[in-house]
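Working through the structure, step by step
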Amino acid sequence: MKIEKISSRVLMCCVALIVVCFAAFLLIGYDNPVGEYNEPMLTDVIMWLMYVLTAVTAALTVWSLVRSAQSNKGNDPAATTGVPGGKIIMCTTCLTIASFVIGWLCGLGEKDFTATDGTVTTAGWVTVVDAFCISMGILFVAAAIAVVVSMTGVMTKSASK
């Protein structure tokens with residue numbers, strides 16, 4: 001089976017799993033008022049989905065880096081594919097760091113958060129959560145742009161010239 005076919009099937013399975021989880025989250029017990037707030041019953045499903053997808057993504061990223069390093073020993077992949085991997089890695093690293101810094105700066109000055117059950121989250125942790133949320137938004141937009149660029153084939157067309 002070709003790698004493109006495997007990749008496509010895995011993507012479709014992931015999308016289906018995410019859609020099913022979010023549909024269940026929104027359709028099963030979403031209207032569950034607790035005090036002044038709504039507490040959906042399947043919040044844990046969404047949280048576990050996030051944890052599993054993050055762990056799988058991290059493991060596959062490490063595996064891909066090791067595999068790529070082994071297969072490209074002494075070769076310049078940019079010469080054969082036209083994709084400047086080193087520049088992409090550098091830009092990705094800089095974008096990730098910049099998104100965390102922007103998120104951190106936007107989250108400064110937060111106050112302590114008190115949940116309905118009385119649990120208090122300190123302002124420092126609220127700032128960390130804000131930083132991660134803003135960073136995820138920035139990285140989501142960057143990933144969407146990268147997918148569009150990848151689908152157009154702009155980067156690979158330059159290798160054939």
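Residues numbered from 1 in each chain as written. Predicted model: local features only at pLDDT ≥ 70, side-chain atom pairs only at ≥ 80, totals over all residues. Heavy atoms only, no water.

Let's talk about the overall build of the chain
Summing up its helical and strand segments, the chain has 6 helices and 4 strands in all. N-terminal to C-terminal, the α/β element order of the chain is α-β-β-α-α-α-β-β-α-α. Here the chain, with 161 residues, has 9% of them falling under the buried criterion. Considering only contacts within the chain whose residues lie at least 6 apart along the sequence, 47% involve residues at least 24 apart. (Helix = DSSP H or I, 4+ residues; strand = E, 2+ residues; numbered from the N terminus. Buried < 20%, exposed > 50% of the residue type's maximum accessible area, 1.4 Å probe, protein only. Contact = heavy atoms within 4.5 Å.)

Things to note about the state of the cysteines
Counted under the stated rule, the structure contains 0 disulfides. Not part of a disulfide, C14 finds its nearest cysteine sulfur in C13, a span of 7.1 Å. With no disulfide partner, C94 has as its closest neighbouring cysteine sulfur the one in C91, 6.7 Å distant. (Disulfide = S-S within 2.5 Å.)

A short note on the packing of helix α1 (residues 3-27) against helix α2 (residues 43-71)
Where α1 contacts α2, the two axes come as close as 8 Å, and the packing angle between them is 160°. If you check the angle between α1 and α2, you find them roughly antiparallel. Considering the relative orientation of α1 and α2, their crossing is left-handed. Along its contact with α1, which presents L17, I18, C21, F22 and F25, the element α2 presents T43, V45, I46, L49 and L53. In the contact of α1 with α2, the residues fall into 9 nonpolar, 1 polar and no charged. (Axes fitted to C-alpha atoms, helices over the stretch in contact; angles between N-to-C directions. Parallel < 35°, antiparallel > 145°, perpendicular 65-115°, else oblique. Left-handed = near helix turned anticlockwise from the far one by under 90°. Nonpolar A, V, L, I, M, F, W, Y, C, P; charged D, E, K, R; others polar.)

Some points on a nonpolar patch on the surface
Taken together, M47, W48, M50, Y51, V52, V56, L60 and W63 make up a surface patch of nonpolar side chains, about 840 Å² in accessible area. Tracing the sequence through the fold places W48 in helix α2. (Patch = residues over 30% accessible without salt bridge, like charges linked within 9 Å, V, L, I, M, F, W, Y side chains within 5 Å. Areas by Shrake-Rupley, 256 points an atom, 1.4 Å probe, with all protein chains shown as cover. Salt bridge = Lys/Arg side-chain N within 4 Å of Asp/Glu carboxyl O.)

Section: the packing of helix α4 (residues 85-107) against helix α5 (residues 123-152)
Between α4 and α5, whose axes approach to 7 Å, the crossing angle comes to 135°. As summarised for this structure, α4 and α5 are arranged oblique, according to the angle between their axes. For the element pair α4 and α5, the recorded crossing hand is right-handed. Along the contact surface, α4 presents L95, T96, S99, F100, I102, G103, W104, C106 and G107, while α5 presents T127, V128, D130, A131, F132, I134, S135, I138, L139 and A142. Partitioned by chemical class, the residues of the contact of α4 with α5 number 12 nonpolar, 6 polar and 1 charged.

Re the side chain of T127
With respect to the helices, strands and loops of the structure, T127 is situated in helix α5. The class for T127 is buried, based on a relative accessible area of 6%. Not counting chain neighbours up to four residues away, the residues in contact with T127 comprise W104, G107, L108 and E110.

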